[in-house]
Amino acid sequence: MAAALQTLGGGIGITLHWIAFTPTIEQQATEEQKKKWLKLAQDVAIVGAYAQTEMGHGTFVRGLETTATYDPSTQEFVINSPTLTSTKWWPGGLGKTANHATVMAQLYTRGKCYGPHNFMVQIRSLENHQPCPGVTLGDIGPKMESNGNDNGFARFDHVRIPRENMLMKFARVEADGTYVQPPSSKLAYSNMVYLRGTFVMSAAQALASATTIAVRYSCVRRQSEMKPGEPEPQILEYQTQQYKLFPQLAAAYAFWFASWFMTQQHGSITGSMEKGDMSGLAELHALSAGLKSYTTAVTARGIDVCRMACGGHGYSHASGLPALFGGAAALCTAEGENTVMMLQTARYLVKCFAQSQAGKRLTGTVAYLSAVQPSPVAGNRNMSDLGTLVAAFQHRAARMVRHAAMQMQGEMQKGKAREDAWNSCSVLLIKAAEAHVHSFVVRNFAETVQTVEVDESVRAVLTSLCQLYSLYGITEHAGDFLKDGYLTGRDIDAASSHLSAMLARVRPDAVALVDAFDLHDKILRSVLGRYDGRVYEHLYEWAKKSPLNKSEVHESYYKYLQPFLKSNRAKL
Ligand SMILES: CC/C=C\C/C=C\C/C=C\C/C=C/C(=O)SCCNC(=O)CCNC(=O)[C@H](O)C(C)(C)COP(=O)(O)OP(=O)(O)OC[C@H]1O[C@@H](n2cnc3c(N)ncnc32)[C@H](O)[C@@H]1OP(=O)(O)O
Ligand SMILES: Cc1cc2nc3c(=O)[nH]c(=O)nc-3n(C[C@H](O)[C@H](O)[C@H](O)COP(=O)(O)OP(=O)(O)OC[C@H]3O[C@@H](n4cnc5c(N)ncnc54)[C@H](O)[C@@H]3O)c2cc1C
């Protein structure tokens, strides 16, 4: 599904039906409600949008203004948009495509507000697709990318829906208006956790696509002379080109493996939650938020590196890279803005750190926080050993989490309120959370390559790629590793020279490594990244199809240029 949606470049009107609307029914509806809507959704007999964000609030879900007020006399909810800023704004497919939406609204019953809950609302007629009475709909206009998707707006003027349209798997409102609490108030957000997990896969796929394009093109493209008089080399022979592309290639693999972990973790924790065990929810939320933030940010930057690595042709839409970048940029903002998501991870880490200080043994993805020793013992480390590299990342993350948490404690001891201390330490907190996620990705990569059983040579090349990824991270963030003397200047020098060796080692396998992503030309949609390598012929064909080439002399000539030239000539 992710691949199919990627083909459509950030989606079409129905994308959110598949990735958000239908999963929300699956995750938030009762069995009875599923019988009513799930099959209709799965068979696309109805088309849905996920309508949460409003003009005034996206991040702060508790600040949403749309209301769902229960009327026990008719056993209905009244959905209302009381202000301009309460207008639902951004939901994919909401403008023109969807005829239903799950609407996130503040639930009021018996005069009390119980916070945001999901409601199924029909928004267009199933007969003629006209908006339902009381519903105003439209498209929000062109965006940076994803213009095949009608991100829309919606206003509700006291629209009545049956009580049964509240998605009631967790929280419920009884016929008489009694509110029944869910096992956790955050279960109304479970679909966001799921979607953030799928964004990790989307990031991996987008970065895999960009590196496929750039690596293949770098084998077709020849430029300059390495040595005077010699034939022009493939640009992939330049070490600087390898240094641009191979860390992105390695990151694509790392994110792919992280997304596998995320999917497995989501399945196992939601399985336990089905049985009433909510203990894994906080970690699942922290991991999905942090991974979504980290992988999409690195992917967006990485795609731009790939674009620049393709020179001028990378800037053309023929390369497919601008569209990939636009799609990745959307992933950085949608489903929880990246800074806000990383701060959620930081919040969890600070709590875990406090628990560890209080003597609790941490488990799961944060276990290392209590295992890592605060005072490092410096020494000449073997910087080509994966175990050493993983330990270095864990040490860096643990130090940064401790530093941010202690800094916050210090601010509070000086009299600052917790919230103010949080805000004044939030840059440190973000960096610490990023280091934690980075460390997780490195460890997971290292563990995954060890499980490769198909072939010794496959394991060897993936191990090199994992070393490259880790060494690149260390050299890019050298200051973090040097700060408390855990790594020495000599270690960093060793890391740099191993990194150079890894670039050379990965070079012969680079094309096979991108081919292994198995991204068909129809998915890549890139003249530069064609599997057959016939870039120049197709670049020429592609340009000939430019709309400006439909006529030999463009109409703008007759309209503007001809009279302008004529008057200029007349002046001579
Ligand atoms: C396959 C894909 C292919 C192509 C893609 C193409 C197109 C797709 C493009 C876009 C789709 C986009 C869809 C959307 O964007 S839908 C809208 C998404 N909106 C958001 O993500 C909103 C972000 N904001 C939030 O999630 C929350 O408001 C926020 C977490 C920021 C704060 O929540 P709240 O104010 O309620 O909580 P706090 O008081 O801060 O914390 C309370 C407590 O709860 C914990 N928490 C928060 N969220 C969750 C959660 N989801 N699950 C579990 N726990 C959660 C939080 O950490 C606190 O814990 P504690 O510290 O223990 O008190
Ligand atoms: C392509 C695309 C598709 C989308 N699809 C949907 C959809 O289908 N359904 C839907 O409901 N929504 C959708 N959205 C909306 C999306 O979920 C929100 O835009 C997103 O959650 C960010 O919220 P915001 O726009 O309110 O950003 P803001 O919160 O206004 O962010 C602006 C800035 O404020 C900062 N900021 C905000 N709060 C904090 C804080 N607590 N601490 C520190 N900094 C903070 C942010 O880091 C950011 O720098 C989509 C958005 C995009 C771009």
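Computed from a prediction, not measured in an experiment: that's the story for all the values here. (Residues numbered from 1 in each chain as written. Chains lettered and ligands numbered in written order. Predicted model: local features only at pLDDT ≥ 70, side-chain atom pairs only at ≥ 80, totals over all residues. Heavy atoms only, no water.)

**Student:** Please explain the overall build of the chain as it appears in this structure.
**Tutor:** If you tally the helices and strands in the chain, you get 20 helices and eleven strands. The C-alpha atoms of the chain give a radius of gyration of 27 Å, which matches the 25 Å a tight globule of 572 residues would have. Residue pairs in contact within the chain that sit at least 24 positions apart in sequence constitute 72% of those at least 6 positions apart. Roughly 26500 Å² of accessible area belongs to the chain as shown, and the carbon and sulfur atoms make up 55% of that amount. (Helix = DSSP H or I, 4+ residues; strand = E, 2+ residues; numbered from the N terminus. Rg over C-alpha atoms; globule rule 2.2 N^0.38 Å. Contact = heavy atoms within 4.5 Å. Areas by Shrake-Rupley, 256 points an atom, 1.4 Å probe, with all protein chains shown as cover.)

**Student:** I tried to follow the UniProt feature "binding site: FAD" (unreviewed entry) in the chain on my own but got confused; where do I start?
**Tutor:** Residues annotated by UniProt as "binding site: FAD" (unreviewed entry) correspond here to T53 and G92. With the annotated positions falling across 40 residues, the maximum pairwise C-alpha distance of 10.6 Å places them together in a single cluster. Assignment of secondary structure puts T53 in the loop between β1 (48–51) and β2 (67–71). We classify T53 as partly exposed; its relative accessible area is 26%. In this structure T53 touches G58, T87, K88, W89, W90 and P91, once residues within four positions along its chain are discounted. Inspection of the secondary structure puts G92 in the loop between β4 (88–89) and β5 (100–109). For G92, a relative accessible area of 5% translates into the label buried. (UniProt positions renumbered as here; feature names shortened; annotations may be inferred. Buried < 20%, exposed > 50% of the residue type's maximum accessible area, 1.4 Å probe, protein only.)

**Student:** Quick question: what am I supposed to make of the UniProt feature "domain: Acyl-CoA oxidase C-terminal" (unreviewed entry) in the chain here?
**Tutor:** Under the UniProt annotation, the feature "domain: Acyl-CoA oxidase C-terminal" (unreviewed entry) is placed at residues 386–566. End-to-end, the C-alpha atoms of residues 386–566 are 71 Å apart, and along that stretch the chain is 75% helix and 0% strand.

**Student:** Help me understand the site of ligand 2 in this model?
**Tutor:** What surrounds ligand 2 is a group of 18 residues, the closest being Y50, T53, G58, T59 and E337. Q52 is positioned with one of its backbone polar atoms (N or O) 3.0 Å from an oxygen atom of ligand 2. Protein chains bury 62% of the 970 Å² of accessible surface belonging to ligand 2 in isolation. Looking at the shell around ligand 2, the element that brings in the most residues is helix α9 (residues 338–357), giving three residues. (Near = heavy atom within 4 Å. Polar contact = N/O pair within 3.5 Å; in protein donor to acceptor, adjacent residues only side chain to side chain.)

**Student:** Got a minute to help me understand the nonpolar core in this structure?
**Tutor:** Soluble globular proteins: nonpolar side chains tend toward being buried together. The biggest cluster of nonpolar side chains holds 117 residues, and the ones touching the most others in it are F255, Y469 and I474. Looking at this core element by element, the count peaks at 15 residues for helix α5 (residues 239–274). By size, the runner-up hydrophobic cluster in this structure holds 27 residues, among which are V103, M168, V173 and Y179. (Core = buried A, V, L, I, M, F, W, Y, C linked by side-chain atoms within 4.5 Å.)

**Student:** I would appreciate a short explanation of the site of ligand 1 in the present structure.
**Tutor:** Neighbouring residues of ligand 1: 26 residues in total, closest T59, R196, Q344, R347 and K351. One nitrogen or oxygen atom from the main chain of V61 is found 3.2 Å from an oxygen atom belonging to ligand 1. Starting from 1300 Å² of accessible surface for ligand 1 in isolation, the protein chains cover 83%. Listed by contribution, the elements that provide at least two residues to the shell around ligand 1 are α2 (15–28), α4 (190–220), α6 (281–309) and α9. A per-class count over the shell around ligand 1 returns eleven nonpolar, nine polar and six charged. (Nonpolar A, V, L, I, M, F, W, Y, C, P; charged D, E, K, R; others polar.)

**Student:** Please explain the sheet that holds β4 as it appears in this structure.
**Tutor:** Strands pair in a sheet through their backbones, by hydrogen bonds, and they do so in one of two ways: parallel or antiparallel. Spatially, three strands are ordered β4-β8-β7 in an open sheet, and the strand pairing comes out antiparallel. The sheet is open, and its two borders are formed by β4 and β7 (135–139), each paired with just one other strand. Where β4 meets strand β8 (residues 152–156), two bridges bridge the pair, whose relative direction is antiparallel. In the sheet register, K88 faces β8, and the bridge partner there is A154. (Pairing = 2+ DSSP bridges.)

**Student:** What am I meant to see in the environment of F60 here?
**Tutor:** You can see F60 is positioned in the loop between β1 and β2. Separated by 276 residues in the primary sequence, F60 and G336 have C-alpha atoms spaced 9.5 Å apart.

**Student:** What am I meant to see in the environment of M412 here?
**Tutor:** Looking at the element boundaries, M412 is found in helix α11 (residues 386–413). On the basis of relative accessibility, which here comes to 26%, the residue M412 falls in the partly exposed class. Taking the C-alpha atoms as reference, M412 lies 44 Å from Y243; in sequence the two are 169 residues apart.

**Student:** For this particular structure, what's the right way to read a positive patch on the surface?
**Tutor:** On the surface, R62, K186, R347, K351 and R418 cluster together into a patch of positive charge. Structurally, the position occupied by R62 is in the loop between β1 and β2. (Patch = residues over 30% accessible without salt bridge, like charges linked within 9 Å, V, L, I, M, F, W, Y side chains within 5 Å. Salt bridge = Lys/Arg side-chain N within 4 Å of Asp/Glu carboxyl O. Lys, Arg positive; Asp, Glu negative; His and termini not counted. Charge placed at Lys NZ, Arg CZ, Asp CG, Glu CD.)

**Student:** What should I look at first to understand the pattern of salt bridges in this one?
**Tutor:** Oppositely charged side chains are able to pair whenever their charged atoms sit close together. The tally for this structure, following the rule as stated, stands at 19 salt bridges. A salt bridge links D43 to K39, with the shortest nitrogen-to-oxygen separation between them at 2.5 Å. We classify D43 as partly exposed; its relative accessible area is 48%. A salt bridge links R160 to E76; the nearest nitrogen and oxygen atoms lie 2.8 Å apart. Taken together, the residues R160 in strand β9 (residues 159–162) and E76 in strand β3 (residues 76–80) connect sequence positions 84 residues apart. Take E76: its relative accessible area is 22%, and that puts it in the partly exposed class.

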